[in-house]
Structure formats: structure tokens, C-alpha cells
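Single-letter residue listing:
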Amino acid sequence: MAYNAIDYYNIEELLSDEEKLIMYSVREFVENEVLPIIGEHYLKGTFPSELIPKMSGLGLLGITIPPEYGGAGASYTGYGLAMMELERGDSAIRSFASVQNSLVMYPIYTYGTEGQKNKWLPKLASGEAIGCFGLTEPDYGSNPSGMLTNAKKIDGGYLLNGAKMWITNGTIADIAVVWAKFDGVITGFLVEKGTKGFTAPEMKGKLSLRASVTSELIFQDCEIPEENLIDIKGLKGPLSCLTQARYGISWGAVGAAMAVYDSSVQYAKSRIQFNKPIASFQLIQEKLVWMLNEITKAQLVAYRLGRLKDEGKDRFQQTSLAKRNNVDIALTACRIAREIHGANGILYEYHIMRHAANLESVKTYEGTDDIHTLILGEDITGIPAFE
Amino acid sequence: MNILVCISRVPDTATRILVGPDGKTIDTQGIKYVISPYDEYGIEEGLRLKEKNGGTVTAVTVGSEGSTDILRTALAMCVDKAVLIKADTHKDSYFVAKNLAEYAKEINPDIIFMGRQSVDYDSLQMPSMVSEFLGIPSVSVVSKLTIADGKATAERDVEGGKEIVEASLPCIISCQKGLNEPRYPKLPDIMKAKSKPIETREAIQTDEKVTVLGMSIPLKQRAGRILGDGDGDIDELVRLLHEEAKII
Ligand SMILES: Cc1cc2nc3c(=O)[nH]c(=O)nc-3n(C[C@H](O)[C@H](O)[C@H](O)COP(=O)(O)OP(=O)(O)OC[C@H]3O[C@@H](n4cnc5c(N)ncnc54)[C@H](O)[C@@H]3O)c2cc1C
Ligand SMILES: Cc1cc2nc3c(=O)[nH]c(=O)nc-3n(C[C@H](O)[C@H](O)[C@H](O)COP(=O)(O)OP(=O)(O)OC[C@H]3O[C@@H](n4cnc5c(N)ncnc54)[C@H](O)[C@@H]3O)c2cc1C
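Counting restarts for each chain: residues are numbered from 1 in the order of the written sequence. To label them, take the chains in the order written and letter them from A, then take the ligands in the order written and number them from 1. Only residues with pLDDT of at least 70 get local features here, since the model is predicted, and only at 80 or more are side-chain atom pairs given and counted; chain-wide, interface and lining totals rely on the full set of residues.

Observations regarding the site of ligand 2
Residue and element names in this part refer to chain B. Close to ligand 2 lie 31 residues; Cys-6, Met-114, Gly-115, Ser-123 and Met-126 are nearest. Secondary structure elements follow DSSP: runs of H or I no shorter than four residues count as helices, runs of E no shorter than two count as strands, and numbering proceeds from the N terminus. The element contributing the most residues to the shell around ligand 2 is strand β4 (residues 56-63), with four residues. Each residue is assigned to one of three groups, with Ala, Val, Leu, Ile, Met, Phe, Trp, Tyr, Cys and Pro labelled nonpolar, Asp, Glu, Lys and Arg labelled charged, and all others, Gly among them, labelled polar. Residues belonging to the shell around ligand 2 are distributed by class as follows: 13 nonpolar, 13 polar and five charged. Using the backbone to place each C-beta atom, any residue with that atom within 6 Å of a molecule or strand is considered near it.

Thoughts on the domain arrangement of chain B
Just so you know, the domain bounds were taken from an automatic or database domain assignment. When cut into domains, chain B gives domain 1 (2-202) and domain 2 (221-248). Each of domain 1 of chain B and domain 2 of chain B has a C-alpha centre, and the two are 41 Å apart.

Points about the packing of helix α4 (residues 91-111) of chain A against helix α5 (residues 114-126) of chain A
Residues and elements named next belong to chain A. Between the N-to-C directions of two axes lies an angle of 0 to 180 degrees, each axis being a line fitted to C-alpha atoms and, for a helix, fitted only over the stretch in contact. The interhelical angle for the contact between α4 and α5, taken along N-to-C directions, is 155 degrees, at an axis separation of 9 Å. Considered as vectors, α4 and α5 are oriented roughly antiparallel to each other. Along this stretch, α4 crosses α5, giving a crossing that reads as left-handed. In contact with Gln-100, Val-104, Met-105, Ile-108 and Tyr-109 of α4, α5 contributes Gln-116, Lys-117, Trp-120, Leu-121 and Leu-124. An angle below 35 degrees is treated as roughly parallel, one above 145 as roughly antiparallel, one from 65 to 115 as roughly perpendicular, and anything else as oblique. Crossings are sorted by hand: turned counterclockwise from the far helix by less than a right angle, the near helix makes the crossing left-handed, and turned clockwise it makes it right-handed. Each residue is represented by a C-beta atom placed from its backbone, and any two residues with such atoms within 7 Å are regarded as in contact.

Quick look at the sheet that holds strand β11 (residues 198-202) of chain B
Residues and elements named next belong to chain B. Two strands are counted as paired when DSSP detects at least two bridges linking them. Taken in spatial order, the nine strands make up an open sheet running β9-β8-β7-β10-β6-β1-β4-β5-β11, and their pairing is mixed. The open sheet has two edge strands, β9 (161-168) and β11, and neither has a second partner. Ignoring strand direction, the axes of neighbouring strands in this sheet form an average angle of 30 degrees. Packing against the sheet, helix α1 (residues 37-53) makes contact with β1 (2-6), β4, β6 (111-115), β7 (138-148) and β10 (171-175), and its axis sits at approximately 155 degrees to β6.

See below:
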């Protein structure tokens, strides 16, 4: 059955012609290129690298970056819609795009020197270079300001020591945006693949985001040339990148929820028990209504946040609310969809368990649900409750 | 090569169609429109010919002001020029064909692509009418095309097989599934299409040759019928499929 992308409040009417085209184009791409292969990759625990040239060809790497650096120059709403469609496919594909767009190209574009931009942005847009973002450490997750990775000044550059963990794309990356303490202040460095003292072994054993590469980054007296310093000081550097990525995640989660909702509606109408489609039972209808209700609200939150970003009026706390709410409802929608599909719900053909397992990671990375609760709590009361 | 692609704006195939209050037209409320799927093959074939031989691809549609959306899509797929021939009220195929033919005379294309049918009203008249107006050959339902030495060699789907035909250029090709795999608009091209101009012109009016008297939605699907499992039931099933359902 064809995918029916639920849009109960006709948000499509609020989109520009370009935004609609982006949505349809990426939707078709996911339908034809991602969905047929993703289940196998998920089972095998492999990243579908064959999609990289296709994604760059479609312009999915560097969506909001201006054309002079190889980007598409689209709006934030357009970027969000693309993430929604990608995550309808799989959170791993959306994660790949989030990292490249928001955690690698964004800081290079926003804080980089002209030399860094010219060297990296066109290659990152064309998929010739893959990027990763190293903030989290084995002992510092929700509290990155405690990080141990550090840099010392040496002649002509910096000496980097330390280790990062849980880094998406790490092993396949040509360039790592790495956050380390320099003179006690968090500072960004561009670490190129092949730099002496830098290794990026893949982490194995994940039961979530299985089609995504997750790695450690290890730096042992790793020499970074002077020109690879990113010109931003303090935690606001990495946090500003995370705000971009979290925004995309808030749309992405909606895409996953829409996928499992659509599957649930179709399944409920066709599955016969007690001589009737299960859709005719009130308990099933209530489940469908819950999903429709929450998806509609999540779509409106994402859409409005997109417009605020397009107008430059968004606050990072608003992104926290969107990420927190949308990932949470998507995860619950997966659990409900799993129930509606009965035993079939655990099969990979139905995509439900894959989305559910993926979203467990999505709930944790880019600021856990709890951390966003604390951000919002502080915004309401003016009292930080992190420590 | 100077390539013209005629594109028709049709309701998305997933849309549920209702008849409007006048009983003669469809209710357009909330309908999402797309390029008629067969016309996408035409755009793709035009673009490939241009990429091989150079030239320009022009997309033209006859339709209401709102039809600029499908022209934007065509521009995002990288056609060079988009033209809207403006017509608002209910028009017949003759009117559309006349306007397409007049426009073609003006730009004098080497080849014209159309879909095998417009999936909205399915009149299947356009390629023949336009070729008659222009006095050029028309090859319909083409699933493979080669252009060389001023000639088009086309493979056509015919009942149970293929037919290979040759026609001199300029000619009209109506496209069938299988001709190619249409490209997705790329994000950078979608953004560039935003600032490309769409040429708008007034339609030439013609007398209505065919008048729509009424429109209706088929009655509710017939309920299924359950037969027994005897040999006679199998004969009955075969008879029903043959005589009633007419599918074997
Ligand atoms: C698949 C995957 C990919 C990832 N990709 C990247 C990447 O590309 N780059 C990167 O830098 N990182 C990445 N991460 C890491 C991710 O950002 C961290 O896992 C996340 O920030 C949480 O850190 P932690 O796992 O150390 O949990 P912890 O910080 O140890 O938290 C454990 C639990 O304690 C709770 N908690 C912590 N502090 C508080 C508090 N003050 N009050 C209440 N509760 C609290 C948390 O909410 C959580 O429930 C990835 C993680 C995963 C799973
Ligand atoms: C403003 C307007 C209002 C209309 N309203 C009605 C209506 O209310 N009721 C009704 O029955 N019909 C209506 N029509 C449809 C019209 O009568 C023709 O049926 C329609 O244009 C397609 O012709 P066809 O079905 O013969 O095309 P086909 O022969 O089935 O289409 C073949 C190909 O011709 C080309 N083509 C078809 N239409 C167009 C077009 N408009 N512009 C550019 N290329 C085209 C495409 O390449 C298409 O794939 C309307 C048309 C217009 C322009």
C-alpha cells in the first residue's frame, strides 16, 4: 500500500512551493532508495554507504548552506522537512545527515575561516568528505563541560590528547570536529583522518541505530596544525551546533511517528479478528486517535519552530521543548503501533521495532529527555537544577 | 535540439475525487496537484536528449493560474523554460490541443514529448490532435527512443509485444512507463527554480466541440461472493470471471 503521509491540519498549505518540492523529492527518494535496503542493513548492523552519493546528489548534505559553498541554500523549514522524510526511512540515515549538516558543516560555516570553508564545505556537500562531531566522552555525557580531552600549544599548532565515545560517523569520517579544553576553555579543532596519533575504532554491539556507524575517537599526542583551530570559545560553540541538530531531530522524530501511524491504520483496517477488522474495535480506534493527536501537535510544534528559525527569532529552549516532546511521542507511537500489529509488529518487514529501537538512542543523544526537562525547568523558574 | 514537453496538471493519484455541486466538474477543494506521471517520462527524455545533444527544453502547460506549481517542478528538474498558457474555465481537449499547436508553431521544436495519457480526464486525444494541427508524425505509447540522423526510432508497446517504428523529425512522441526513470528534483535545483521566470500568455479561445453533460462516481463496490468447494463451483468461478467480471 502506498504511504499516506498524515497531515491532519493541512500544514502543507503553509509551505512554500520549494519546501513542498523538497518534501516530495526526499519522500520519493526514501521510498525508492532507503526503504528497500534498510531492513537488511539494520539486521547486519551495517551503514548503507551506497546511499552517500545518492544523498549528496540530491543535495541533502548542506541543505541550508549557501550555493557558493556547494549547499542548497534552503530554509530551515525545508531542512526540517527533509529530516522528517529521512527519518521515516530510518533514524540512522537522518543521523548521518544531521551530523553532516548541523554538527560539521554548520560550525565550519558559522565559525570557520574562509580557508576552512573553502577547503571543507564543497567536499562535505558533495559527499567526497564525511564529517563527525566529537563532544561526548566515556565519563562526560550529559555534563560535557567536565571533558578531559585537552590541547596544548606547540610550535605551529596544538597537541591533542584524550578520547571521545559514541561518535556517529567516527570511523568513516574524513574530518572530525573535536571539542577539547585549551587553557581550560572548550575549543574546537578540525582533526583530519590520517593525522598521526588519531584513531577511530567502531563500537560494536548496539541494539539501536544498527545502520549507523558509532565510534570512539582516540587522540594520542595528535598534532593539529594552527589553521585547524575553530574560532569559538566556550561551551556555546558545541551547544550552538547541538541546537541545530536537535531542531532537525524534532522533525525527524515526527517522520518516524508518521511511518508507524500509517502502517497502523492500514494494518488495523485489513487485519480481521472476531470476524471484523480490528479497526472496528474502540480500543484500537483510541490508539489510532492518540497517535493522530500527538503527531498533529508535534508537526505543528516543528513547523512553528522552523518558521521561528527562518525568521531568526527562535530560542534554544524552544528547540529543547520540540526535541523532548517529539521524540517522546514518537517512541510511544512506536510502542502503540507495535501492539496494533500484534506479532507482526516484531518483524523487520513492518519497520516498527526498528523505529522503536532507534528512537531509544534518539531520546538519549543530543541532550537526554531529562536534560531538556532541566533546560525548560530553568527557563520557567530561572533556577538551574542541573547540579 | 529544441525540445518541447507538454505537461498536464492532474490530481495526485492518491487523492479521493468527489464531484462538485454542479454535477459536471470535480470538487477541487483540498486537492493536491502533480505533473501527470506519464509527462514526467517526457521531461526526463527531453532532459537526456539535451544532455546528449545540447539545446533547450521547454515545458508548457495549458491551465489555470495555479498551474505554475507543476512548472516550478519542471524547472526544478532542470528544464530551461516554462510556459503557462492561461485558461480558467472548463475547456475541452480541442481547445488545449489548439493552444499547444499554436505555441509549438511559434517555437518550432525538433521534437515534442507528451504523456501517453493525462491521468485525470484520460481523453487520449492530445498527441493525435496536435500532430494533425502541425502536420507532423506522432508515435504513441513509446517505451524506448533513439534519435539519430534527423529520425526517431521508437519502440512501442503493442498488445502482447513490441513494435519498432521510425518517424522523421519533427515529431510527437507520447511516453509510456519504462521509457526512462524520471529524476528527483535536487534540493539546490529546487532553490534555483524559485527565481527562474515562468512565461505566462493568454490562451486562444475556441468553440467548445465537446460538452460535458455530467459526472458521477461509480456506485459502491459490489459485495464479494463466496462459492463452495465442489468441481461445479470451480466451473462457476471460471464462468463468472469470464462473463461477469470479464477479466479472463
Ligand atoms: C547512537 C548514539 C550516537 C551518538 N552520537 C554522538 C555524536 O555523534 N557525538 C557526540 O558527541 N555524542 C554522541 N552520542 C552521545 C550522547 O550525546 C550521550 O549519550 C548523551 O549526551 C548522554 O550521555 P551519557 O550516555 O553519558 O548519559 P549520562 O549523562 O551518564 O546520563 C545517564 C542518565 O542520567 C540522567 N542524568 C544525567 N544528568 C542528570 C541530571 N543532572 N539530572 C537528572 N538526570 C540526569 C540522564 O538523563 C540519563 O538518563 C551518541 C549516543 C548514541 C547512543
Ligand atoms: C483549464 C482547464 C479546465 C478543464 N476542465 C475540464 C473539466 O471540467 N472536465 C473535463 O472533462 N475536462 C476538463 N479539462 C480537460 C481537457 O478537456 C482535456 O481532457 C485535457 O486537457 C487533456 O486532454 P486529453 O485528456 O485529451 O489528454 P491526453 O491525450 O489524455 O493527454 C496526453 C498528453 O497530452 C498533454 N496534455 C494534456 N493536457 C494538457 C494540458 N492542459 N497542457 C499541456 N499538455 C497537456 C500531456 O503531455 C498529456 O500527457 C480541462 C482542461 C483545462 C486546461
